[in-house]
Amino acid sequence: MKSGEKSKIFRRSILDGVSFALFVSVILSLIFNPTDEELLNLELISIIFFGAMLAGAVLSHVLNIAGYKTFGENLFEPAYVKAQSEAKAWYNTFWGWHLFTTILVLFIVGIFKSKFSMYELLDEDGFEGAKRLFKGIFSPNWAVLPAAVMNIIETVFMAFMATILAIPFAFILSFTAAKNIMKHPAAYSFYMFIRTLLNVTRSIEALVWAIIFSVWVGIGPFAGMLALMIHSIASLTKQYSEMVETVSEGPIEGVQSCGASKLQTIWFAIVPQVMLPYISFTVYRWDINVRMATIIGLVGGGGIGTMLIKYQGQAMWPEVGTIIVVIAAVVWIMDQASAYIREALK
């Protein structure tokens, strides 16, 4: 069996196994109705879930051998196999009902876990409270406008510095996080380490990084800028590396045929192909950082977010309304500017 076929079977088994484990978990929950305390027994829950996942992987293999194509098989099968298959509507296929049932179960579980309630949403008392809040927000107190403008300028520069400082780190790391460059076994090990590190870093929200740096360097814009910088490095590296992985092989082969080293190949064959997408991603990241900077201020990251949480905590809704107007105006301007710049770079 070829390595590509083994990889496909492994990924198919994981996906189908997880979906089967989801079904088993829901059915067991309905039958036994476990208490919150019983659900905290992580060891037992893990054994049940991974046991069901293993059983699902085996069941997936049996079904596919029997001719019932599962969702995992349909998703990961090679393109040439899909091209040779007879086109059918999803509701006439096993994999289609597999996918539909999985989404339906996830939706139902989501309703219960999020405690979705139309009664609470339409409750008259709650709605009256919301009306009072919106009345204050839509009657801004323009006396705080000068302070809001100064704070939004601080927020924009926090985002700018975070983006600028993240670029060199992300640029260098992007090549070590690209699979088509790190082909040597030793290099591939380093590639896996970098990808894992990036995934862990991105999984920690900028809000959490802001809390960490607020303790480290003190409350203020410096902590917020550092939080955005760390998150930007991880996000930009991922975006940059994915662009490196899609470059054309022609220029690479041409440069290598002239005896170019690995570093020369990257600089003369890969970098020219990715520079415009890199710039586009960077502009978009600055746009994102401006929005995120308003949020991390809520935990001491400086900028207009700190001002917002101050007035919100005192239920001074007209002042909050003014701050929202300023934030909305700057976000709109940044969004339009970044859109025009990205369009010009295409």
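Residues numbered from 1 in each chain as written. Predicted model: local features only at pLDDT ≥ 70, side-chain atom pairs only at ≥ 80, totals over all residues. Heavy atoms only, no water.

**Regarding the overall build of the protein chain**
For the protein chain, the count of helices and strands is 16 helices and 0 strands. Here the C-alpha radius of gyration of the protein chain, 26 Å, is well above what a compact globule of 346 residues would show, namely 20 Å. In the protein chain, the proportion of contacts linking residues at least 24 apart, taken out of those at least 6 apart, comes to 76%. For the protein chain, the centre of its 24 positive side-chain charges and the centre of its 24 negative side-chain charges are spaced 8 Å apart. (Helix = DSSP H or I, 4+ residues; strand = E, 2+ residues; numbered from the N terminus. Rg over C-alpha atoms; globule rule 2.2 N^0.38 Å. Contact = heavy atoms within 4.5 Å. Lys, Arg positive; Asp, Glu negative; His and termini not counted. Charge placed at Lys NZ, Arg CZ, Asp CG, Glu CD.)

**Focus: the nonpolar core**
Formed by 35 residues in total, the largest nonpolar core has its most connected members in Phe175, Ile181, Leu228, Val244 and Ile270. Mapped by element, the contributors of at least two residues to this core are helix 9 (145-176), helix 10 (185-203), helix 11 (206-217), helix 12 (221-244) and helix 14 (262-296). Element by element, the count of residues in this core is highest for helix 12, at 10 residues. Non-local contacts of Ile181, meaning those with residues more than four positions away in its chain, are made with Phe175, Val244, Lys262, Ile266 and Ile270. Ile152, Ile323, Ile327 and Met334 belong to the second largest nonpolar core, which has 17 residues in total. (Core = buried A, V, L, I, M, F, W, Y, C linked by side-chain atoms within 4.5 Å. Buried < 20%, exposed > 50% of the residue type's maximum accessible area, 1.4 Å probe, protein only.)

**Notes on the packing of aromatic side chains**
Per the counting criterion, the structure on display carries 16 aromatic pairs. Pairing Trp90 with Tyr91 gives two aromatic rings, centres 5.8 Å apart and planes at 80°, and the pair type is edge-to-face. Both rings, one in Phe134 and one in Phe138, keep their centres 6.1 Å apart while their planes meet at 25°; by these two values the pair is stacked. Judged by its relative accessible area of 46%, Phe134 falls in the partly exposed class. (Phe/Tyr/Trp six-rings, centres within 6.5 Å; stacked < 30°, edge-to-face > 60°.)

**Observations concerning unusual backbone geometry**
Here the phi dihedral of Asn33 falls at roughly 45°; this positive angle occurs in a residue that is not glycine. Relative to the assigned elements, Asn33 resides in the loop between helix 1 (3-32) and helix 2 (36-39). Residue classification places Asn33 among the exposed positions, given a relative accessible area of 60%. In this structure, Lys115 takes a positive phi of about 55° despite not being glycine. With respect to the helices and strands, Lys115 occurs in the loop between helix 6 (94-113) and helix 7 (118-121).

**A look at the packing of helix 12 against helix 14**
Close contact between helix 12 and helix 14 brings their axes to 9 Å; oriented N to C, the two are set at 150°. Compared by their axis directions, helix 12 and helix 14 come out roughly antiparallel. Seen from above, helix 12 lies across helix 14 with right-handed handedness. Seen from helix 12, the contacting residues are Gly224, Leu228, His231, Ser232, Ser235, Leu236, Gln239, Tyr240, Met243 and Val244; seen from helix 14, they are Ile270, Val274, Pro277, Tyr278, Phe281, Thr282, Arg285, Asn289, Met292, Ala293 and Ile296. Per-class residue counts for the contact of helix 12 with helix 14 are 13 nonpolar, 7 polar and 1 charged. (Axes fitted to C-alpha atoms, helices over the stretch in contact; angles between N-to-C directions. Parallel < 35°, antiparallel > 145°, perpendicular 65-115°, else oblique. Left-handed = near helix turned anticlockwise from the far one by under 90°. Nonpolar A, V, L, I, M, F, W, Y, C, P; charged D, E, K, R; others polar.)

Interpretation in functional terms is not warranted from these geometric data alone.
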